[in-house]
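One letter stands for each residue in the lines below.
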Amino acid sequence: MIHLISFKTAKFDTTKERLNPFNPISGESVLIWLRENALGSSYSSTKPDTEDWGWYMDVSNDVSSYLVGSIAYTEKEPVLGEKIEWLIQIHKNRSLKEKILRRNKMTADDALVATILGALRGDAAFTDIEVNGDA
């Protein structure tokens, strides 16, 4: 199961992000914010890095590990203070054995998803928050 969380915010300045050398897609800002404000001491994470589809970081705790990706939907040069639509993708890593034995699946009440949603919903700068899980 993959979780997709979309929302809108003017909280981040995408013009201050590092350049994604594969594709001119913003997404680093929200991952930095997640590392500094949402994950707390329960999770460890790598620094955001680039991929051809956007930005990602690895997140883990004592029980599970995840790939968390992010992109900003900007068709034109963003104007500072204008709301931008963002998408966060959360994918739980599982070993081949776990997949075969159907263990350690990502569920609708996954702790990392709840942590990220709690942080987004707890900040009035984030609006239009939607969650989609792919069973």
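Here, every reference points to the structure presented above.
Report on the accompanying structure.

Reading the values: the criteria
Residues numbered from 1 in each chain as written. Predicted model: local features only at pLDDT ≥ 70, side-chain atom pairs only at ≥ 80, totals over all residues. Heavy atoms only, no water. Helix = DSSP H or I, 4+ residues; strand = E, 2+ residues; numbered from the N terminus. Buried < 20%, exposed > 50% of the residue type's maximum accessible area, 1.4 Å probe, protein only. Contact = heavy atoms within 4.5 Å. Arc of directions from axis to C-beta. Polar contact = N/O pair within 3.5 Å; in protein donor to acceptor, adjacent residues only side chain to side chain. Salt bridge = Lys/Arg side-chain N within 4 Å of Asp/Glu carboxyl O. Core = buried A, V, L, I, M, F, W, Y, C linked by side-chain atoms within 4.5 Å. Axes fitted to C-alpha atoms, helices over the stretch in contact; angles between N-to-C directions. Parallel < 35°, antiparallel > 145°, perpendicular 65-115°, else oblique. Nonpolar A, V, L, I, M, F, W, Y, C, P; charged D, E, K, R; others polar.

## Quick word on the side chain of T50
With respect to the helices and strands, T50 occurs in strand 3 (residues 49-51). Owing to a relative accessible area of 11%, T50 belongs among the buried residues under this scheme. When sequence neighbours within four positions are dropped, the list of residues in contact with T50 reads L19, N20, P21, F22, W55 and Y56.

## Comments concerning helix 3 (residues 111-121)
Each α-helix turn comprises 3.6 residues. Residues three or four places apart therefore point the same way. Of the positions making up helix 3, those classed as buried are L112, V113, I116, L117, A119 and L120. On an axial view of helix 3, the arc spanned by its buried residues comes to 160°, and they lie on one face. With a side-chain oxygen positioned 3.0 Å from the backbone nitrogen of L112, the residue opening helix 3 is D110.

## Remarks on the environment of I32
With respect to the helices and strands, the residue I32 is situated in helix 1 (residues 28-38). Residue I32 is classed as partly exposed on the basis of its relative accessible area, which comes to 31%. For the pair I32 and N61, spaced 29 residues apart in sequence, the C-alpha to C-alpha distance is 18 Å.

## Examining the pattern of salt bridges
Summed over all chains, the structure comprises three salt bridges. One salt bridge connects D123 with K11, and the closest N-O pair in it is separated by 2.9 Å. Taken together, the residues span a long stretch of sequence, with D123 in the loop between helix 3 and strand 7 (127-134) and K11 in the loop between strand 1 (2-9) and helix 1 at a distance of 112 residues. Of the charged contacts, one joins R18 and E28 as a salt bridge, the two residues approaching to 2.7 Å between their closest N and O atoms.

## Examining the nonpolar core
Soluble, globular proteins show a tendency: their nonpolar side chains are buried together. With 28 residues, the main nonpolar core has I5, L34, V68, I88, I90 and L112 as its most contacted residues. Counting residues per element, the ones that place at least two in this core are strand 1, helix 1, strand 4 (54-60), strand 5 (65-73), strand 6 (84-92) and helix 3. The dominant element in this core, judged by the number of residues it contributes, is helix 3, at six residues.

## Things to note about the packing of helix 1 against helix 3
Where helix 1 contacts helix 3, the two axes come as close as 11 Å, and the packing angle between them is 95°. Between helix 1 and helix 3, the interaxial angle falls into the category roughly perpendicular. Here W33, L34 and A38 of helix 1 come into contact with helix 3, specifically with T115, I116, A119 and L120. By residue class, the composition of the contact of helix 1 with helix 3 is six nonpolar, one polar and no charged.

## Some thoughts on unusual backbone geometry
A positive phi angle, close to 55°, is found at R102, a residue other than glycine. One can find R102 in the loop between helix 2 (96-100) and helix 3. Residue R102 is classed as exposed on the basis of its relative accessible area, which comes to 64%. Positive phi is not limited to glycine here, since N104 has a value of about 55°. Tracing the chain through its elements places N104 in the loop between helix 2 and helix 3.

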